[in-house]
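Residue-level structure breakdown
For reference, the chains in residue letters:
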Amino acid sequence: MTPAGSLPLPDGPQLGLRERKKIKTRMAIRTATYALIEEQGYDATTVEQIAERAEVSPSTVFRYFPTKEDIVLTDEYDPILLDELRKRPADEPWMESLRYVMRLAISTGLEQEPEATRLRSHLMVQVPAVRSRMLESMSVTGRMLSEAVADRTGLPRDNFEVRVFTNSLIGGLAEISLYWAENDFKDDLRDLLDRALDVIEHGLPAKNS
């Protein structure tokens with residue numbers, strides 16, 4: 001999952017018709033879920049209600065999303081994110097590539113789905129089950145990012161340094177959404193991304209004298 005947002009659904013031949021239909025079904029389920037949560041809260045929203053609103057069966061909901069938390073958190077765009085990273089110039093510093101792609105993802109989420117982006121981050125803070133599932137979900141994103149790191153550096157995917165770097169990155173990205181929601185969305189999410197990547201790249205800032 002991308003932090004607090006998503007990249008747009010790609011046009012053109014990248015995905016077949018069957019896969020695009022699956023994505024549209026998942027998006028319909030997700031849209032129904034967010035609408036119901038806004039209306040009545042997370043705990044009161046049931047899978048049966050989600051299925052009715054999305055005009056699918058409950059079994060279809062579970063086929064696409066194993067848990068209610070997954071509906072809130074899962075998006076379709078980690079492979080697109082990985083592809084965007086791989087398209088960056090080979091001689092571009094890794095952190096510049098990552099900063100570019102993550103800013104693109106966050107900006108798209110804020111521009112196209114501002115309310116859903118805020119609601120997702122709010123639920124991460126307010127609902128322990130969502131926060132726990134978020135960490136599990138981002139570990140999958142971390143494994144995908146490790147592929148990009150390995151490709152760029154020439155190191156094996158299971159290299160210790162690659163794993164440490166990637167998991168540090170994932171932890172930092174998770175904190176972006178949590179901090180943003182905990183502080184009532186007052187900060188610019190892209191600024192928080194830049195600050196997080198600065199810490200990962202350079203360490204903690206010097207104490208003010």
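Structure report, in brief. Not measured: the values here are computed from a predicted model. (Residues numbered from 1 in each chain as written. Predicted model: local features only at pLDDT ≥ 70, side-chain atom pairs only at ≥ 80, totals over all residues. Heavy atoms only, no water.)

1. Looking at the overall build of the protein chain
Counting its regular elements, the protein chain contains ten helices and zero strands. Start at the N end of the protein chain and walk to the C end: the helices and strands fall as α-α-α-α-α-α-α-α-α-α. Taking all 209 residues of the protein chain together, the buried fraction comes to 44%. By element, 51% of the accessible surface of the protein chain is carried by carbon and sulfur atoms, the whole surface being about 11300 Å². (Helix = DSSP H or I, 4+ residues; strand = E, 2+ residues; numbered from the N terminus. Buried < 20%, exposed > 50% of the residue type's maximum accessible area, 1.4 Å probe, protein only. Areas by Shrake-Rupley, 256 points an atom, 1.4 Å probe, with all protein chains shown as cover.)

2. Describing the side chain of Ser146
Topologically, Ser146 is positioned in helix H8 (residues 128–153). At 2.5 Å, the side chain of Ser146 forms a polar contact with the backbone oxygen of Arg143. When neighbours within four sequence positions are excluded, Ser146 is seen to be in contact with Arg157, Val162 and Thr166. (Polar contact = N/O pair within 3.5 Å; in protein donor to acceptor, adjacent residues only side chain to side chain. Contact = heavy atoms within 4.5 Å.)

3. Observations concerning H8
The end-to-end C-alpha separation of H8 is 36 Å, in line with the 38 Å expected for 26 residues at 1.5 Å each. For H8, every residue scored as buried is listed here: Val130, Met134, Ser137, Met138, Thr141, Gly142, Leu145, Ser146, Ala148, Val149 and Ala150. Of the residues one or two after H8, Gly154 is the one with positive phi, at around 80 degrees. (Expected span 1.5 Å × (residues − 1).)

4. Examining the pattern of salt bridges
Side-chain pairing between opposite charges can occur once the charged atoms of the two side chains come close. The full count for this structure, using the stated rule, is 14 salt bridges. Put simply, Arg53 and Glu39 hold a salt bridge, and the shortest N to O gap is 3.0 Å. One end of the pair, Arg53, is in helix H2 (residues 47–54); the other, Glu39, is in helix H1 (residues 17–40), and 14 residues separate them in sequence. Since its relative accessible area comes to 40%, Arg53 is described here as partly exposed. A salt bridge links Glu136 to Arg133; its shortest N-O distance comes to 2.7 Å. (Salt bridge = Lys/Arg side-chain N within 4 Å of Asp/Glu carboxyl O.)

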